[in-house]
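Observations on the three-dimensional arrangement
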Amino acid sequence: MISIRRIGAVIHTRNLEFIRDRSATAWSILMPFLLIIGFSFLFTNDNKTLYKVGVIGEVPTHGQFSEFFKTRHIEFIPYSDSNVAVAKVDRHQLDMLLDFRASPRYWINTTSSNGYLVERLLGSQPSVIGIEKQAVSGAEIRYIDWAFPGILGLNMMFNCLFGVGYVMVRYRKSGFLKRLKATPLKPAEFLIAQMASRLILIQTITVVVFAISLWLLDLRMTGSYALLFLLSLVGSLCMISMGVIVAARVGSEELAGGLLNVATMPMMLLSGAWFSLEGSPHWVQTLAQWLPLTHLIDGARAVMTESAGFSDVLPHLLVLSVLAVVFTSVGAMIFRWN
């Protein structure tokens, strides 16, 4: 039978070990701050040179709009849901939206400088006449508002995977796990304690970084704090369970580092942390949906910038929960003390 007392003792010991390692604790807190402040200075006044225009319906290959679609430096992105596309215009994520399903019409954000220029380009085509205009006036989302969930997500990913992976491998390499095997502590209790300890630490760090960044940079937060915390909790648990799989049998820190890098690199590049994947090849977007960090960042970004509710982020929560259960089960099955 699993003992709560033994689990609590291991959690307490692991937390003390982390706190006493001042360099690791300081780096876990300072690294996301450095990234957030750096990006806020570098990209707050970003002068965009590429315009994004959403298109609903079939793109005309000839006729009065054909010349506009030949304009250089404009990216045309197809959409099927007009509500989603109009919301992106409202938040300055699209500079214009064209709808060709019935009579031609377009949406433009009256507060967007890029939207104004794209509208002028559309109006400069002598063949484009009689198109109906729809206006929205939402406030612009700064790059730091958009990138902030990705920065926090990456910090959580590295802390969860490497924090669990390296620690357990170090324990095994030093013979500490072998000594624990001689105690009444069961493998399930040890894994639960390690996961719970890392979950407590990473959530504490994330809350502190989030609160200070929100106050210091006046970040956009339009959704529920409780829902955002739930996403952070489930996402962290999923990342920790990935680290458990790597550390369950590996006895070499070098091999563990390589495996953890293999796990983190695709998520760094394809999770949408640094740049939007809209307009990228379909196979890239499909691959990104298999990565847990993608669902964590997309869900958190939707809550913070789009006022998403529980039903909106439920698919992300389900994916993260299922992956956490699968990863934890596999890690528990293949775990060894030696």
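Residues numbered from 1 in each chain as written. Predicted model: local features only at pLDDT ≥ 70, side-chain atom pairs only at ≥ 80, totals over all residues. Heavy atoms only, no water.

Turning next to the overall build of the protein chain. Tallying secondary structure elements over the protein chain gives twelve helices and five strands in all. Here the protein chain holds 338 residues, and 49% of them are scored as buried. Across the protein chain, every contact between residues at least 6 apart in sequence was considered, and the portion connecting residues at least 24 apart equals 77%. (Helix = DSSP H or I, 4+ residues; strand = E, 2+ residues; numbered from the N terminus. Buried < 20%, exposed > 50% of the residue type's maximum accessible area, 1.4 Å probe, protein only. Contact = heavy atoms within 4.5 Å.)

What follows covers the pattern of salt bridges. In this structure the tally under the stated criterion is three salt bridges. Arg 6 serves as the salt-bridge partner of Glu 189, at 2.8 Å between the closest nitrogen and oxygen. Within this pair, whereas Glu 189 is found in helix H7 (residues 187–217), its partner Arg 6 is found in helix H1 (residues 4–20), the two being separated by 183 residues in sequence. Judged by its relative accessible area of 0%, Glu 189 falls in the buried class. With relative accessibility at 24%, the residue Arg 6 sits in the partly exposed group. For Arg 105, the salt bridge goes to Asp 99, with nearest N and O atoms at 3.5 Å. A relative accessible area of 3% places Asp 99 in the buried class. Members of the salt-bridge network, linked through shared partners, are Asp 99, Arg 101 and Arg 105. (Salt bridge = Lys/Arg side-chain N within 4 Å of Asp/Glu carboxyl O.)

Counting buried residues in strand E4 (residues 105–109) gives four out of five residues, a clear majority hidden from the surface. Direction of pairing for strand E3 (residues 96–99) relative to E4: antiparallel, over a ladder of three bridges. What sits directly across from Leu 98, in E4, is Tyr 106. Hairpin connection, E3 to E4: the antiparallel pair is bridged by five residues. Pairing of E4 with strand E5 (residues 132–136) involves five bridges; the strand directions are parallel. Within the sheet, the bridge partner assigned to Trp 107 lies in E5 and is Gln 134. (Pairing = 2+ DSSP bridges.)

Spatial strand order, E2-E1-E3-E4-E5: five strands in an open sheet with mixed pairing. Whereas interior strands pair on both sides, the edge strands pair on one side only; in this sheet they are strand E2 (74–79) and E5. Within this sheet the neighbouring strands show an average axis-to-axis angle of 25°, counted without direction. (Axes fitted to C-alpha atoms, helices over the stretch in contact; angles between N-to-C directions.)

Here the focus is the packing of H1 against H7. For the pair H1 and H7, the least separation of the axes is 8 Å and the interaxial angle reads 45°. Viewed along their axes, H1 and H7 adopt a mutual orientation that is oblique. The way H1 lies across H7 gives a crossing that is right-handed. Where H1 abuts H7, its residues Arg 6, Ile 7, Val 10, Ile 11, Arg 14, Asn 15 and Phe 18 lie against Glu 189, Phe 190, Ile 192, Ala 193, Gln 194, Ala 196, Ser 197, Arg 198, Ile 200, Leu 201 and Ile 205. The residue makeup of the contact of H1 with H7, split by class, is eleven nonpolar, three polar and four charged. (Parallel < 35°, antiparallel > 145°, perpendicular 65-115°, else oblique. Left-handed = near helix turned anticlockwise from the far one by under 90°. Nonpolar A, V, L, I, M, F, W, Y, C, P; charged D, E, K, R; others polar.)

Purely spatial values, then, with no claim about function.
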